Amino acid sequence: MTIGTVTNSKAKPVNIGEAVQKARDAFNRGVTRPIEWRRKQLQSLMRMYEENKSAMVEALKKDLRRCKAEAELLEIDYLTNDLLSVLHHLDEYTKPVLPRKGIVNALDEVIIYNEPYGVTLIIGAWNYPLQLLLLPAAGAIAAGNAVVLKPSELAVACTTFIAETLPKYLDNDAIIVIEGGPQETTELLKQKFDYIFYTGGTNVGKIVYEAATKHLTPVTLELGGKSPVYIDNSADLVITVKRVLWGKFINGGQTCIAPDYVLCSKEVQDKFVEEAKKVIKEWYGEDPQKSPDFARIINSRHFSRLQALVDASKDKVVVGGNYDAYDRYIAPTVMANVLPSDKVMEDEIFGPILPIVPVENAYEAIKFINEREKPLVLYVFTSNDDVHESFVNNTSSGGMCTNDTMMHMGVDTLPFGGIGNSGLGAYHGKATFDTFTHKKSCLKKSFFPIAEKLASKRYPPYTEGNVKF
Ligand code: NAD
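Residues numbered from 1 in each chain as written. Predicted model: local features only at pLDDT ≥ 70, side-chain atom pairs only at ≥ 80, totals over all residues. Heavy atoms only, no water.

By the naming in an unreviewed UniProt entry, the chain goes by Aldehyde dehydrogenase and is assigned to Manduca sexta. The record held by UniProt for the chain lists under Sequence similarities (unreviewed entry) the comment "Belongs to the aldehyde dehydrogenase family." (UniProt positions renumbered as here; feature names shortened; annotations may be inferred.)

This is the structure in C-alpha cells:
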C-alpha cells in the first residue's frame, strides 16, 4: 500500500488525490448547488438513520460499549433532530439576504448570497464517531458543498459502518468517505480543500491548521481541554451532584464537554463526595463494572493513560479508583483535595475520573481558571445571579452552562465551539450552515439615467464640491 492509497472497508484501494479530485469535479459540474440535490441528499441521510438505527447502536456498543439509551440520545436522536431542523429551514437558510441599505444605495440592490465554499473536508473524532462526522456533513451538504469525510480510525465499527453504509444512500461523486489514520489524514491535508472542519485533540488541531495555511483554507477546529466546574455554596447540591456526575460519566467520561474538574469550598467538597457515593450506587449499583449503562475506554492506550492518572493520585481517591485492563474498565472515580500540581490536573482527563480542587471562593476559582488555557465550556453551579455574572464577565471560554452540564449542546440556536486552545469557529443549528457558507456580498446597480446622474459626481475632473456623496 503506497501513501495516498488507502483501503476502504469494501477492500477497494482508494487514491486520495483522485478521490478529492472526483469530489471537485462534481462540485465544478454544479452537481451540489441545486437546492433539490441538497434536499434529496439530506432526506437520504435521514432514511439512512431510520433504516440503520440498530446497526448504529450496535457499532457504538462494539467501539465503546455504549448502552442503547446513550447511543440513541447522544448520537442517533441528536443527528435526526438536527437533520429535521436543517430540512425544515433549508429554503430560509439558502435564500439571499437583503441587508439594510443607506440612502446612497436607494436605487440599488444590496444582497448577500449564500455561496458554497466548494470541496470541504470533515475530520471526525472517535468519542462520538457518528455525530461528530455526520452533523457537520449535513450542514456542508445543506450549504451546497461537495464533502470528503474522514472518520476516526479508532472507532473501528462506526467507521466501517459509515464507509459501507453512507455510499448506499448518498451521491457517490460528491460525498466521499476516506478511511485511515494519521498517515491518510496527512495525505488528505496535502490536497487543496475549500473548507476544513476538524474535531479532535488540540495537538492534531495545530497540524490541521498549519496544513490549511498552505492553501489559505478556512477552518473550524473543534478541540478539547479541561472544562472546569465551579460549585458555589449557594448551589442545590443534591441536583448539582447528579448533573455534574451525569456529564462526567456519560460515555465513560470520553466527551469533549465533560466536566473535567471541580472547584469548590472544602465544605461543598465534603457534601459533594457524600452525595456522589449515593448517586453512583443508585445509577450503576454496588459494582459499576456490572452495570450495562457504563461505557468502556476506547482502547488500551487511553486505558493505560487513565490508569496512570488514578495510580498517581491513589491517596486522593474517595470514590471508585479501581480498574480492569482486560475489560478496559475504569470505575466512576472521584478524587478529593486534589492539588493543582497533581498529574490529573495536567491534561484533559477524557475518562471517568473527577478531581475536586478546593478553593476559598468564586474569586479564587476565577483566578484559577484564568491562569489556564481557555476551556471549551465553563460550568457554574449557583443560585446567586451575581456569581453567574461574575464568571460571565471575568472569564473566557467557548461556551458556558450554568446549573447543568452538557445540555447547552442540545440548544440548536446556541453556536457550539471553543476559543483559543479549545477551538476556532462554531456550529450546530443554523451556525453549521453558516460555517460551510461563504457570505458573498453583492451590490447590484442599474443603468437608470437617474442612478448614473447621482453616481457621476465621483468622476474626474475632481473640482471642489463635486466629490460629495
Ligand atoms: P482522534 O484520535 O480520533 O483524532 C481525530 C482525527 O485526527 C482522526 O480522524 C485522526 O485520524 C486524525 N489524526 C490523528 N493523528 C493525526 C496526525 N498526526 N496527523 C493528522 N491527523 C491525525 O481523536 P482525539 O484527538 O483522540 O479526540 C479526542 C479529543 O478531541 C479530545 O481532546 C476532545 O476534547 C476533542 N473533541 C472535541 C470535540 C468538540 O466538539 N470540540 C468533540 C469531540 C472530541
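Moving on from the coordinates now.
So, about the site of the ligand. Surrounding the ligand, one finds 28 residues, the nearest of these being Ser152, Glu153, Gly201, Leu223 and Glu348. With respect to the ligand, the side chain of Ser152 contributes an N or O atom lying 2.6 Å from an oxygen atom. Between Leu223 and the ligand, the recorded distance is 2.7 Å, taken from a backbone N or O atom to a nitrogen atom. Protein contact buries 90% of the 840 Å² of open area that the ligand shows by itself. At the level of elements, helix H7 (182–190), strand S7 (195–199) and helix H8 (202–214) are the ones that each hand at least two residues to the shell around the ligand. It is H7 that provides the largest number of residues to the shell around the ligand, a total of three residues. Residues that form the shell around the ligand fall into these classes: 14 nonpolar, 10 polar and four charged. (Near = heavy atom within 4 Å. Polar contact = N/O pair within 3.5 Å; in protein donor to acceptor, adjacent residues only side chain to side chain. Areas by Shrake-Rupley, 256 points an atom, 1.4 Å probe, with all protein chains shown as cover. Helix = DSSP H or I, 4+ residues; strand = E, 2+ residues; numbered from the N terminus. Nonpolar A, V, L, I, M, F, W, Y, C, P; charged D, E, K, R; others polar.)

Read across the open sheet, the seven strands follow the order S11-S14-S15-S10-S9-S16-S17; overall the sheet is mixed. This sheet does not close on itself; its edge strands, each paired only once, are strand S11 (317–319) and strand S17 (399–402). Direction aside, the axes of adjacent strands within the sheet are offset by 25 degrees on average. Bridge count between strand S9 (residues 228–231) and strand S16 (residues 377–381): three bridges; the pairing is parallel. Opposite Val229, over in S16, you have Tyr379 as the bridge partner. Each of S9, strand S10 (261–264), strand S15 (353–358) and S16 is contacted by helix H12 (residues 362–370), which is oriented at about 145 degrees to S10, the strand it contacts most. (Pairing = 2+ DSSP bridges. Axes fitted to C-alpha atoms, helices over the stretch in contact; angles between N-to-C directions. Contact = heavy atoms within 4.5 Å.)

Tallied over the entire structure, the rule returns 25 salt bridges. Across the pair Glu153 and Lys150 runs a salt bridge, and its minimum N-O distance is 3.3 Å. A relative accessible area of 2% means that Lys150 is categorised as buried. Between Lys430 and Asp434 there is a salt bridge, and its shortest N-O distance comes to 3.0 Å. Of the two residues, Lys430 and Asp434 are both situated in helix H14 (residues 430–435); the distance of four residues between them amounts to about one turn of the helix. Each of Lys22, Arg29 and Asp173 takes part in a single network of salt bridges with overlapping partners. (Salt bridge = Lys/Arg side-chain N within 4 Å of Asp/Glu carboxyl O. Buried < 20%, exposed > 50% of the residue type's maximum accessible area, 1.4 Å probe, protein only.)

Take unusual backbone geometry next. Along the chain, Pro460 connects to Pro461 via a cis peptide bond; the corresponding omega equals 0 degrees. Following the sequence through the fold, Pro461 ends up in the segment after helix H15 (449–455). Of note, the phi angle at Arg328 is positive, near 50 degrees, even though the residue is not glycine. Tracing the backbone through its elements, the reader meets Arg328 in the loop between strand S12 (323–324) and strand S13 (329–330). The backbone phi angle of Phe350 is positive, close to 55 degrees, even though this residue is not glycine.

One open sheet holds the six strands; their spatial order is S6-S5-S4-S7-S8-S18, and the pairing between them is mixed. Each edge of the open sheet is held by one strand with a lone partner, namely strand S6 (175–177) and strand S18 (423–424). Summarising the sheet, S7 and strand S8 (residues 219–222) pair through four bridges and their orientation is parallel. When the bridges of S8 are listed, Tyr198 appears paired with Leu221.

Tallied over the entire structure, the rule returns 15 aromatic pairs. With a centroid separation of 6.3 Å and an interplanar angle of 65 degrees, the aromatic rings of Phe416 and Tyr427 are classed as edge-to-face. Residue Phe416 is located in the loop between S17 and S18, and its partner Tyr427 is located in the loop between S18 and H14; the two are separated by 11 residues in the primary sequence. Of the two residues examined, Phe416 and Tyr427, each falls in the buried class. Taken together, the ring pairs connect Tyr117, Tyr195, Phe197, Phe416, Tyr427 and Phe436 into an aromatic cluster. Note that Arg372 overlies the ring of Phe368, its terminal NZ or CZ placed 3.6 Å from the centroid. Sitting above the plane of the Tyr93 ring, Lys430 keeps its charged end 5.7 Å from the centroid. (Phe/Tyr/Trp six-rings, centres within 6.5 Å; stacked < 30°, edge-to-face > 60°. Lys NZ or Arg CZ within 6 Å of the ring centre and 35° of its normal.)

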